[in-house]
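What follows is the residue order along each chain.
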Amino acid sequence: MIRNVLGSIVALAGAAAAVLSPFRAWYDGRLGRHYRIGDLFTGVTGAHPGLFDSILLPFVFAAVLTVVGVALRSRLLVALAGVVVLGFTVLWMVRQGQAAGELTISGNGSGLDQGVAGAAGGGVLLLLGAALMSGRGGGRLGARADRNRPFKAPGSAEPDTWPPTREPGPSVQTSPWPEPEVDPYVGPPRDTGPDRSSPPRD
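Described below are features of the structure shown in this document. (Residues numbered from 1 in each chain as written. Predicted model: local features only at pLDDT ≥ 70, side-chain atom pairs only at ≥ 80, totals over all residues. Heavy atoms only, no water.)

### Some words on the overall build of the protein
Line of reasoning, step 1. Within the protein, the regular secondary structure consists of six helices and two strands.
Line of reasoning, step 2. Secondary structure of the protein in N-to-C order comes out as α-β-β-α-α-α-α-α.
Line of reasoning, step 3. Counting across all 202 residues of the protein, residues that qualify as buried make up 28%.
Line of reasoning, step 4. Put simply, of all contacts in the protein between residues at least 6 apart along the chain, 63% involve residues at least 24 apart.
Line of reasoning, step 5. Split by element, the accessible area of the protein, about 13800 Å² in all, is 63% carbon and sulfur. (Helix = DSSP H or I, 4+ residues; strand = E, 2+ residues; numbered from the N terminus. Buried < 20%, exposed > 50% of the residue type's maximum accessible area, 1.4 Å probe, protein only. Contact = heavy atoms within 4.5 Å. Areas by Shrake-Rupley, 256 points an atom, 1.4 Å probe, with all protein chains shown as cover.)

### Section: the packing of aromatic side chains
Line of reasoning, step 1. Enumeration according to the criterion identifies four aromatic pairs in this entry.
Line of reasoning, step 2. Seen in terms of ring centroids, Trp26 and Phe59 are 6.2 Å apart; in terms of plane orientation they differ by 25°. Their pairing is stacked. Here Trp26 is found in strand E1 (residues 25–27), whereas its partner Phe59 is found in helix H3 (residues 56–72), with 33 residues between them in sequence. Like Trp26, the residue Phe59 is buried in the burial classification.
Line of reasoning, step 3. Ring geometry for Tyr27 and Trp92: centres 6.5 Å apart, planes at 65°, overall edge-to-face. Here Tyr27, found in strand E1, pairs with Trp92, found in helix H4 (residues 75–100); they are 65 residues apart in sequence, far enough to count as distant. Accessibility classification places Tyr27 together with Trp92 in one group, the buried group.
Line of reasoning, step 4. Put simply, the rings of Trp26, Tyr27, Tyr35, Phe59 and Trp92 pair up and form one aromatic cluster.
Line of reasoning, step 5. The positively charged end of Arg30 is found above the aromatic ring belonging to Tyr35, 4.2 Å away from the centroid. (Phe/Tyr/Trp six-rings, centres within 6.5 Å; stacked < 30°, edge-to-face > 60°. Lys NZ or Arg CZ within 6 Å of the ring centre and 35° of its normal.)

### Observations concerning the side chain of Asp39
Line of reasoning, step 1. Assignment of secondary structure puts Asp39 in helix H2 (residues 39–42).
Line of reasoning, step 2. Apart from the residues within four sequence positions on either side, Asp39 is in contact with Val44, Thr45 and Arg95.

### Looking at H3
Line of reasoning, step 1. Compared with an ideal rise of 1.5 Å per residue, which puts 17 residues at 24 Å, H3 spans 24 Å between its outermost C-alpha atoms and is within 8% of the ideal.
Line of reasoning, step 2. Of the surrounding elements, those touching the buried residues of H3 are helix H1 (2–20), E1, H4 and helix H5 (114–132).
Line of reasoning, step 3. Following H3 by one or two positions, Arg73 has its phi on the positive side, about 55°. (Expected span 1.5 Å × (residues − 1).)

### Things to note about the environment of Ala71
Line of reasoning, step 1. Mapped onto the elements of the fold, Ala71 is located in helix H3.
Line of reasoning, step 2. For Ala71, a relative accessible area of 63% translates into the label exposed.
Line of reasoning, step 3. For the pair Ala71 and Ser8, spaced 63 residues apart in sequence, the C-alpha separation works out to 8.9 Å.

### Focus: unusual backbone geometry
Line of reasoning, step 1. One non-glycine residue, Asp28, adopts positive backbone phi at about 55°.
Line of reasoning, step 2. Secondary-structure assignment places Asp28 in the loop between E1 and strand E2 (30–31).
Line of reasoning, step 3. Overall, Asp28 belongs to the partly exposed group, its relative accessible area being 48%.
Line of reasoning, step 4. In this model, Arg73 sits at a positive phi of 55°, which is unusual for a non-glycine residue.
Line of reasoning, step 5. As for its position among the elements, Arg73 is in the loop between H3 and H4.
Line of reasoning, step 6. For Arg73, a relative accessible area of 34% puts it in the partly exposed group.

Given below as structure tokens:
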């Protein structure tokens, strides 16, 4: 339970960081929402697309996957959202590097900026949240399966010493009815006095 709550919080924080990243500068002061989705497959251009024609769309899709995964406690959906965010971020870096000739990082607003860091960090948080989540009661199902599993028959290393033989090997009891019990030993017969049937001696 605690793992699911902690993993959900981390995953939701990663989804929020990924969705907000296109509204920040990605490269040379250009916002992430000013890159078309098609530019990631054909090459970066200077066109300014609409809001949902931009790179924001796959990040919104990843956020929806995260919310559904958290609601269903599905580690797979949350991990898939992280892969989507990181995949589109890496693909953008490849295309931007091809267009600019190189990728640089500087403190004067040129080169890679905070938006890329937010997208990459959001993807990492999504994967971390999926790893922290324990899923939908996997531990309880495993414990229930172990409890309902029948006991194994003893092997050669554990010989059967079932009474009354006390000898190694399988039991010789073949009847479905219980074996009759022997009366417990109560000691030697008691001395009841001289035998009155015999004649007295002189």
